[in-house]
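Coordinate inspection notes
Okay, here's what each chain looks like letter by letter:
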Amino acid sequence: MWPAVSAWAAPLNTCAECHEMLEGQTRGPAALFQVDVHSKRGLTCADCHGGDPAAQDPTLSMALEKGFVGRPARQDIPGFCARCHADPAFMRRFNPNLPTDQYAKYLTSQHGKANAAGDEDVAVCTSCHGVHGIRSAKDPLSPVYATNIPGTCAVCHTDADLMKRHGLPVNQHWDYAHSVHGQALLVAGDRGAPHCASCHGSHEASKPGAIAVGNVCAQCHSLSRDLFAASPHKMVHEALGLPECEVCHGNHAIQKTSDEMLGTGPESFCARCHEPGSKGFETAQAMRAAVEDLKARIQGAEESIQRAHHFGMDMEDAEYTLHEASSRLTQTRAYVHSFSIEKVKSVAGEGLAHADEARKAGEKAVEEVYFRRKGLWVTVALLGIFVLALIAKIRSMDKKGPTHSG
Amino acid sequence: MGSPMGARERLKSFFQARYNLGGLGELVTHKTVPVHGHSLWYYLGGTTLVLVAVQILSGLLLLLYYRPSVGEAHESVRLIMTKVEFGWLVRSVHAWAANMAILSAFIHMASAFFLKAYRPPRELTWVTGCLLFFLLMGFGFTGYLLPWNTLSFFATKVGTEIASSVPVIGKVLSTFLRGGADVGDATLSRFFWFHIAALPVCLFFLLGAHLMMVQLQGMSRPLSVRSERAMPFIPNFLLRDLAAWSVMLGIVLALSAYYPATVGEKADPFAPTPAGIEPEWYFLWMFQTLKFFPGHILGLEGELVAIVAMGLAGLVLILVPWLDRPAARGQAHWLAWLAGFLTVFYMIGMTVYAKWFIARH
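Predicted model, so just to flag it, every value in this text is computed and none were measured.

The rules behind the values
- Residues numbered from 1 in each chain as written.
- Chains lettered and ligands numbered in written order.
- Predicted model: local features only at pLDDT ≥ 70, side-chain atom pairs only at ≥ 80, totals over all residues.
- Heavy atoms only, no water.
- Helix = DSSP H or I, 4+ residues; strand = E, 2+ residues; numbered from the N terminus.
- Rg over C-alpha atoms; globule rule 2.2 N^0.38 Å.
- Buried < 20%, exposed > 50% of the residue type's maximum accessible area, 1.4 Å probe, protein only.
- Lys, Arg positive; Asp, Glu negative; His and termini not counted.
- Charge placed at Lys NZ, Arg CZ, Asp CG, Glu CD.
- Contact = heavy atoms within 4.5 Å.
- Areas by Shrake-Rupley, 256 points an atom, 1.4 Å probe, with all protein chains shown as cover.
- Core = buried A, V, L, I, M, F, W, Y, C linked by side-chain atoms within 4.5 Å.
- Patch = residues over 30% accessible without salt bridge, like charges linked within 9 Å, V, L, I, M, F, W, Y side chains within 5 Å.
- Salt bridge = Lys/Arg side-chain N within 4 Å of Asp/Glu carboxyl O.
- Expected span 1.5 Å × (residues − 1).
- Polar contact = N/O pair within 3.5 Å; in protein donor to acceptor, adjacent residues only side chain to side chain.
- Nonpolar A, V, L, I, M, F, W, Y, C, P; charged D, E, K, R; others polar.
- pLDDT = per-residue confidence, 0-100.
- Axes fitted to C-alpha atoms, helices over the stretch in contact; angles between N-to-C directions.
- Parallel < 35°, antiparallel > 145°, perpendicular 65-115°, else oblique.
- Left-handed = near helix turned anticlockwise from the far one by under 90°.
- Phe/Tyr/Trp six-rings, centres within 6.5 Å; stacked < 30°, edge-to-face > 60°.
- Lys NZ or Arg CZ within 6 Å of the ring centre and 35° of its normal.

**Section: the overall build of chain A**
- Per the secondary structure count, chain A includes 24 helices and 1 strand.
- Relative to its length of 406 residues, chain A is extended, with a C-alpha radius of gyration of 36 Å against a globular reference of 22 Å.
- Put simply, chain A has 406 residues, and 32% of those count as buried.
- Side chains of chain A give 40 positive and 46 negative charges; the mean places of these two sets differ by 8 Å.

Printed below as a string of C-alpha cells:
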C-alpha cells in the first residue's frame, strides 16, 4: 500500500525536485533519502520538516503557515525525532515492534543530560543513526548494526580534542578492539559478542558504575556472577567500592581468561591481594590444583581414547563422556568465582569421574585390541597346523600318484 | 557302534536305496584339473567362491542386529561394532571379505581372459562369470550405503545421480534405485532389499549355472600347454583348495583384527557435500574416468558419452568369446592380449591416480 501511495505522490514532492537541482550541502538530503528507512516506509520530507510539498513556489512550500520547521537545532534533534518515535499509536502504523521509549531513555543518559544542559558536543540521534540516509539497525550498512557500533561510538570517543573537553579517555575503542569481546565481534563477526551498547546501553548510555558492573557482565556470564554474589568477595567489594568483575578482568581491554590468572603464580590475580599463608592464598592454590588435576586427567583420557582410535576402535561413547568431563572443567573454571574450595572440588570431582570413565573406556578398548590380536594369532596358528596337515596329506597322495594323463 | 567307514557305507546305502545317485556321484568325481605352469590361477575361482560363502554367513549374522531405516541403520551398525559380542569381527570380516571377493574375482577373470579360458566350448562359463562379477559389484554398491554414514550417503547420491545419465532410461533408473527423487529412507530400504534379496537370488542361479558348467566341462587348458597331465579334483585339488582357502581366511581375519571396519559419522542429508567423497575402490577407475571426461563431446553431454562408452565396454567384455575369433581356432592373437593388457593397465592406473588425487586434495 505505502509504496503505491509513495509512487503516486512522488510527482508532488517538490522538496525533492528542487533539492536535487541544488548544489552542495542542500542537495545531499534528497539523494540520501532514497535509501532512508523512512522513505521506504512511505514517509516524505514534509512528514518531518513540515511545509507543503505540493506547492511549486518555494516561498509557499516552505511557508511557516504550512507548518514548515526546517532544520532543527542540534540540541532539539532528540525531541524532533521523538515527535513520532515516542508516540506508540503513530509508530504502530509503521513498525509495531520498534520501542517508543528511546527518547525517555535518552533523557536519562549521559548524552541526554548534557544535551539538556546545553552541551553541543554530545551525541544526539543523528550522531549515531545518521541523517536522511537512516537505515534499520538490522541493516549491515547501518552505523548502529552490531558490528558497526564500536566504530560509531569511536567517532566521538577517539576524538582527542572532544574528549579532552569532557575529561574522558580516548583509548576505549583501542582497548575494546583488542579485547576478547572485540576480537569476537570485529574479527570473527560474532554478532552475539558484546559491543559498547551491550554494557553501557544505547539510548540510555552511561557508565555502569562500580556496583552495576557485575550486573552488566551477568547478562552473559550469569553463573560466574551468581557465584560471585554469594561469595565472601561480594561484601568486601561493596565495602571498598570496588567494581566487582572489573577488578580482575578489566573493562574495555578484557582478555581471554587463562588458568594462570588463578592460584599464586607470577601471573595470578589472587596473589595480588592475598598474602602467602593466608586462607585466601591457600584457597587460591587449592582451586588451581583442582583445575590442573582435572585438566591432567582429561588429557590422560584423551590420549587413551586417541590410542584406541589409532587401533581403529569406535570410541563415540567414550568421547561423549570425555565431552562431559570437558564441560565440567568449564564449569569448574566458572565455580572459581565462588572462591569456595568445597564447591570447586565438587564440580571438578564430577569432571574427574567422567575423565576416569573415558580413560578406562580407552584402556579397555586397547585391551580389547590386544585380545583380538591374540585371538587372531591363535586362529592363524590353528589354520597353519591345518594347512601343514593338508600339505602332508597332499604330498603323501602325490607320492602314490599325483597326476594322471587326461 | 560300527566303525566310521561302516557308518559312511550305511549312510550311502540308505540314500542309494531310495535315490539313483549314480549320475550325481559321477558328476562330482569325474572332474580333473590340468597340471601345468599356470595351474596357480585355478585357485582364484575357489577363493572367490569361499569368500562369497563367508559373505553369506557373516551377512546372515549381521541381519540379527542390523535395522534398515534412516533412524536406526547407523545406530544398529554402531551397536554391532561396539556392544554385540564379536559383532566387530563379523562386520569386519563381512567388509574385508567383500573387498577380497571383488579382487579375487577380478584376478580370476583376468587370468581366464589371458589364458583364453573363454574359448569354445566355455563361452557361457565366461558370460556367467562376467555377470557374476557385475553382480558382486552390485553387492558392493548396495552394501556401501547400509551403514548410513556420511561417506556412503554422498557416494550413493553421486552414484545414483550418474545412473540418471544413462540414455533413455536414466531418470527412471535413478528414481527406481532411489525410490524417489532423492537418497533417503526409501533408498536405504531399497538398497537393503537389493543387497539381501534380489541380488542373492540372482547370485544363486548365476553361480549355480557357472559351477555346473565348470563341473560338466572341467577346467580349461591354456593354448600354450600341450601336456595332458591332470589331477583328480576330488580329493587332490580339493585338498589344495582347502589349503588356499585357509590362507585366505587367515588374511581376512588378520585384516579384520588389525584394520576393523569403521562406522563413520551418521549421514546428515541436509549437510553440504563434504570434500573427499569417494566410492569403493573398485569403482574408482570409473569415477575418475567420468571426472576426466569433458563437459561436451561433439555436442553431446560428456557424462552421457562416458556412461555409454563404459556400458559398451561391459558388453564387449561379455562378448569376448565371440569377438576373439582366433582363440576359437586355437590361436593366440596379439591384439586380444594387448587389449586385455591395456584394459587392466588403465583400470589399475586410474584407481591409483584417483587414490593419489583424493589423498592430495
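**Details of the overall build of chain B**
- Helix and strand counts for chain B stand at 15 helices and 4 strands.
- Relative to its length of 361 residues, chain B is compact, with a C-alpha radius of gyration of 23 Å against a globular reference of 21 Å.
- For chain B, the C-alpha atoms occupy an extent of roughly 65 × 55 × 35 Å along the three principal directions.
- Put simply, chain B has 361 residues, and 44% of those count as buried.
- The contacts in chain B between residues at least 6 apart in sequence include a share of 79% that link residues at least 24 apart.
- Working note: accessible area of chain B is about 19100 Å², and carbon and sulfur atoms make up 72% of it.
- Averaged over its 26 positive side-chain charges, chain B has a centre that lies 10 Å from the centre of its 18 negative ones.

**Section: the nonpolar core**
- Ranked by size, the top nonpolar core spans 51 residues in total, and within it Tyr66(B), Trp126(B), Leu135(B), Trp148(B) and Leu188(B) carry the most contacts.
- When contributions to this core are tallied by element, the ones reaching two or more residues are helix H3 (43-62), helix H4 (73-82), helix H5 (87-114), helix H6 (123-145), helix H7 (150-163) and helix H9 (185-217) of chain B.
- Here this core takes 11 residues from H6(B), the largest share from any one element.
- Core analysis: the second largest hydrophobic core is formed by 28 residues, Met287(A), Val291(A), Leu294(A) and Ala325(A) among them.

**Examining the environment of Ala73(A)**
- Looking at the secondary structure, you find Ala73(A) in the loop between helix H6 (58-61) and helix H7 (77-85).
- Residues Ala73(A) and Glu17(A), spaced 56 residues apart in sequence, show a C-alpha to C-alpha distance of 24 Å.

**A closer look at a nonpolar patch on the surface**
All names here are of chain B.
- A cluster of nonpolar side chains, Phe114, Trp334, Leu335, Trp337, Leu338, Phe341, Leu342 and Phe345, forms an exposed patch at the surface whose accessible area comes to about 850 Å².
- Tallying contributions element by element places helix H15 (residues 334-360) first for the nonpolar patch, with 7 residues.
- Considering the arrangement of structural elements, one finds Leu338 in helix H15.

**Describing H7(B)**
Residue and element names in this part refer to chain B.
- Between its first and last C-alpha, H7 extends 20 Å over 14 residues, near the 20 Å set by a 1.5 Å rise per residue.
- Within H7, burial applies to Ser152, Phe153, Phe154, Ala155, Thr156, Thr160, Ile162 and Ala163.
- The secondary structure elements touched by the buried residues of H7 are H6, helix H8 (170-178), H9, helix H11 (284-292) and helix H12 (302-318).

**As for the interface of chain A and chain B**
- Between chain A and chain B, the contact holds 25 residues from the first and 28 residues from the second.
- The interface formed by chain A and chain B contains 4 salt bridges.
- We note a salt bridge from Glu316(A) to Arg78(B), for which the minimum N-O separation is 3.3 Å.
- The interface formed by chain A and chain B includes 5 residue pairs in polar contact (both at pLDDT 80 or more).
- Those elements giving two or more residues to the side of chain A that touches chain B turn out to be helix H23 (316-335), helix H24 (341-400) and strand E1 (404-405) of chain A.
- Top contributing element to the side of chain A that touches chain B by residue count: H24(A), with 15 residues.
- Along the lines of polarity and charge, the residues of the side of chain A that touches chain B split into 11 nonpolar, 6 polar and 8 charged.

**Focus: H4(B)**
- Taken across its 10 residues, H4(B) has 7 buried, putting it largely inside the fold.
- Every buried residue of H4(B) is listed here: Ala73(B), His74(B), Ser76(B), Val77(B), Arg78(B), Ile80(B) and Met81(B).
- Residues of H4(B) that are buried make contact with H23 and H24 of chain A together with H3, H5 and H9 of chain B.

**Let's talk about the confidence of the model for chain B**
All names here are of chain B.
- Here chain B averages 92 in pLDDT, and 99% of its residues register 70 or above.
- The spread of mean pLDDT over the elements of chain B runs between helix H2 (residues 22-29), the lowest at 77, and H6, the highest at 97.
- Two summary scores accompany this predicted model of the complex, namely pTM at 0.74 and ipTM at 0.85.

**Comments concerning the packing of helix H22 (residues 279-310) of chain A against H24(A)**
Residues and elements named next belong to chain A.
- Running from amino to carboxyl end, H22 crosses H24 at an angle of 20 degrees, the nearest separation of the two axes being 8 Å. In terms of their interaxial angle, H22 and H24 are classed as roughly parallel. H24 is crossed by H22, and the crossing has left-handed handedness.
- For the contact of H22 with H24, the residue count by class is 17 nonpolar, 5 polar and 6 charged.

**Describing the pattern of salt bridges**
Residues and elements named next belong to chain A.
- For the structure shown, the criterion picks out 29 salt bridges over all chains.
- Two residues, Lys105 and Asp101, come together in a salt bridge whose shortest N-O distance is 3.6 Å.
- When its relative accessible area of 32% is taken as the criterion, Lys105 is described as partly exposed.
- With relative accessibility at 34%, the residue Asp101 sits in the partly exposed group.
- Residues Lys295 and Glu292 are paired through a salt bridge, measuring 3.2 Å at the closest nitrogen-oxygen approach. Remark: Glu292 and Lys295 occur in helix H22; sequence separation between them is 3 residues, near one turn of the helix.

**Considerations on the environment of Phe345(B)**
- Within the secondary structure, Phe345(B) sits in helix H15.
- Considered as a pair, Phe345(B) and Gly295(B) are 50 residues apart in the sequence and their alpha carbons are 25 Å apart.

**Topic: the side chain of Arg122(B)**
Residue and element names in this part refer to chain B.
- Here Arg122 is to be found in the loop between H5 and H6.
- Of the side chains bearing the opposite charge, Glu123 lies closest to the buried Arg122, which forms no salt bridge; the N-O distance is 8.4 Å.
- Within the structure, Arg122 has its side chain in polar contact with the backbone oxygen of Gly218 (distance 3.2 Å).
- In contact with Arg122, not counting residues within four places along its chain, are Ala117, Gln217, Gly218, Met219 and Ser220.

**So, unusual backbone geometry**
All names here are of chain B.
- Cis peptide bonds are those with omega within 30 degrees of zero, and the linkage from Pro120 to Pro121 qualifies with 15 degrees.
- You can see Pro121 is positioned in the loop between H5 and H6.
- The peptide bond linking Ile234 to Pro235 adopts the cis configuration, its omega dihedral lying at 5 degrees.
- One can find Pro235 in helix H10 (residues 233-258).
- Located in the positive-phi region is Phe86, a residue other than glycine, with phi close to 60 degrees.
- Its location among the elements puts Phe86 in the loop between H4 and H5.
- In this structure, Val168 is a non-glycine residue whose phi angle is positive, near 65 degrees.
- Summarising the element assignment, Val168 is placed in the loop between H7 and H8.

**A closer look at the packing of aromatic side chains**
- Counted according to the given criterion, the structure contains 29 aromatic pairs over all chains.
- One cation-aromatic arrangement involves Arg83(A) over Phe80(A); the distance from NZ or CZ to the ring centre is 4.1 Å.

**Digging into the packing of H4(B) against H5(B)**
All names here are of chain B.
- Where H4 contacts H5, the two axes come as close as 5 Å, and the packing angle between them is 115 degrees. Regarding the angle of H4 to H5, the classification is roughly perpendicular. Between H4, through Val77, Ile80 and Met81, and H5, the contact on the second element is made entirely by Gly87, Trp88, Arg91 and Ser92.
- The class makeup of the residues in the contact of H4 with H5 is 4 nonpolar, 2 polar and 1 charged.

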